[in-house]
Amino acid sequence: MEDHARARSGSPADEPAPEGACVLDRVRLGAGGPLARVRVADGRITHVFAEAGTGGRVAAADGERVLDLDGRVLLPGLWDAHVHLAEWAGARHRLDLAGTASAREVADLVRRRGGAPDERGGGTVLFGYGFRDGLWPDAPHKRLLDAALPDRPVALVSADLHAVWLNSACLALVGRGGHPTGLVRETECHEVLAALPEAPAAVVDGWIADACEAAAARGVTGVIDFQYGDTVGDWERRSAGFRPAVRVAAAVYPSRLDAVVERGLRTGDPVGESGLVTAGPLKLFTDGSLNTRTALCRDPYPGLEGTEGAHGIEETSPRELVRLMRRAAAHGIQPAVHAIGDHANTVALDAFEAVRCRGRIEHAQLLSPEDLPRFARLGVTAGVQPRHATDDRDVADRHWAGRTARAFAYADLLAAGARLEFGSDAPVSPLDPWLAVASAVGRTDDGRPAWHPEQCLTVPDALVAAARGRRLVRVGDPADLVLVDVDPVRAGTDTLRTMPVHATMTDGRWTHGPYRTS
């Protein structure tokens, strides 16, 4: 029997079939694995039998379904360990600005779209999402949007969620009529977005339910939702209305920390009625982003030397970071610290060392060599987004020139013993873990040679990071599983990127595929 298959003695036929029990027959047990039979009941994997060349069929108890999977590959369910679900769900209904090459091109899109109603703002605000201005030849400015659409408020969110570009009508709507450019960044960006009109909660919840279904169709069984706001409260409301197709860990922001502490909620505690939602980590920020040149770095950004903000910005002082982390950890809430620049990552690791708690660093994009072993030593997970490495390679080459050998350094992190968990940062990149796996393995997504190929991961290591550390399908584990039509270890990066997902199971229930009953 394989190490995958630490099965109990006996067979499924020896005991009555619990409700929802099924046998997955003739499955490949993991990427490159042997044929096996796997039994699921009560939301858990109860038996794993390697076929060992017998070719036989497993006997089923009364009422138990036996599914012949014809050699498909069975993997641990995939997670997206960093999403903004409401933003991602809303972005699917917004003006798509991805791939625009200039501010003027965006303004032209706004002009053409301006007469159409926008669902999210009830027809008042025209929302767009996905511009990346780091390499543009011109700068975003309210004048361009005013010329394109003077009378209707326009709010365009950058792909990294760290900036929003507004026209004068929208600036007036949010009480910032005197803003000089209309391009609002970082903390002020979040404040502006919170002040804009939103679709009714029922509409947003419907979009989110649809987004969870779409995620399940790509093999996702869980997400960490870092949506800004009262994420725990929002998911408590949603779970009374529908059962999400994925597990959700709902992050906490500092403005809600006291309320969560008062309730006695710890990271991992159940929230709401669905059984699939838990309280997540406390989200904290040390810096901004690469595209906005606000990631906090040891070296100045080219062309900004000697100016204020030449090294990026400090979102939270080290002292305040330690204070918030210490308060959270004392009440069982793990911190998740946003850190992109190399100096920001040092500050975040210093804080973990001071507090002596486990947690996460989100992004970890540019690292100093001496910080690599600290992740493992301190028990800090690196929550990374491999698609960012391929999306941002040109911006990194320009703004982190001479330092990119230590950018998105996933192989170096693994070699240093760090735990990696993949996410998308959706809507920054699409909520699809196979895109992350392909980018981590190939370090390119546009036909160019791999960018820093020394940081490529193997397919097995990438799959482990995409499954939040689960490497094997084992007895006793939650029945969060995905069946794919192609063995990932035999697939090229193009096939990984578009991996055909046959079926997905979360908590022992089919959430996608031909076996789903509701």
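Details of the structure are given in the entry above.
Model, not experiment: these values are computed from the prediction. Sequence order as written defines the numbering, with residues in each chain counted from 1. Reporting in this predicted model follows two pLDDT cut-offs: at least 70 for local features of residues, and 80 or more for side-chain atom pairs to be given and counted; totals over whole chains, interfaces and linings ignore these cut-offs and use all residues. In computing side-chain values, all of the structure's heavy atoms are included and hydrogens and water are not.

Looking at unusual backbone geometry
- A cis amide bond links Ala426 to the next residue, Pro427, at an omega of 15 degrees.
- Comment: elements are numbered from the N terminus, with helices defined as DSSP H or I runs of at least four residues and strands as E runs of at least two. You can see Pro427 is positioned in the loop between β18 (420-422) and α15 (433-442).
- The backbone phi angle of His363 is positive, close to 95 degrees, even though this residue is not glycine.
- Structurally, His363 can be placed in strand β16 (residues 359-363).

Details of the sheet that holds strand β10 (residues 163-166)
- Strands sit in the order β7-β8-β9-β10-β11 across an open sheet of five strands; the sheet is mixed. Pairing within the sheet leaves two strands with one partner each, and these edge strands are β7 (95-96) and β11 (183-185).
- Two strands pair when backbone bridges link them, and strand β8 (residues 126-131) and strand β9 (residues 154-158) are joined in this way by five bridges, in the parallel orientation. Bridged to Tyr129 within β9 is Val157.
- In what follows, residue pairs with any heavy atoms lying within 4.5 Å of each other are defined as contacts. Convention adopted: a line fitted to C-alpha atoms gives each axis, helices being fitted over their contacting stretch, and angles between N-to-C directions are expressed from 0 to 180 degrees. Packing against the sheet, helix α5 (residues 186-195) makes contact with β9, β10 and β11, and its axis sits at approximately 110 degrees to β11. The pairing criterion is simple: DSSP has to find at least two bridges between the two strands.

Re the pattern of salt bridges
- The term salt bridge refers to a side-chain nitrogen of Lys or Arg lying within 4 Å of a carboxyl oxygen of Asp or Glu. Considering all chains together, one arrives at 43 salt bridges under this definition.
- The residue Asp394 makes a salt bridge to Arg448 at a minimum N-O spacing of 3.0 Å. In this pair, Asp394 sits in helix α13 (residues 393-399) while Arg448 sits in the loop between α15 and α16 (459-466), placing the two residues 54 residues apart along the sequence.
- Assessed through its relative accessible area of 32%, Asp394 is described here as partly exposed.
- Across the pair Asp494 and Arg497 runs a salt bridge, and its minimum N-O distance is 2.9 Å. Residue Asp494 and its partner Arg497 are located together in helix α17 (residues 493-497), separated by three residues, close to a single helical turn.
- Residue classification places Asp494 among the exposed positions, given a relative accessible area of 55%.
- Several salt bridges share partner residues, and in doing so they unite Arg132, Arg387, Asp391, Asp392 and Asp445 into one network. Burial classes follow relative accessibility: with a 1.4 Å probe on protein chains only, a residue under 20% of its type's maximum area counts as buried, one over 50% as exposed, and anything between as partly exposed.

The quantities given are spatial measurements derived from coordinates; they are silent on function.
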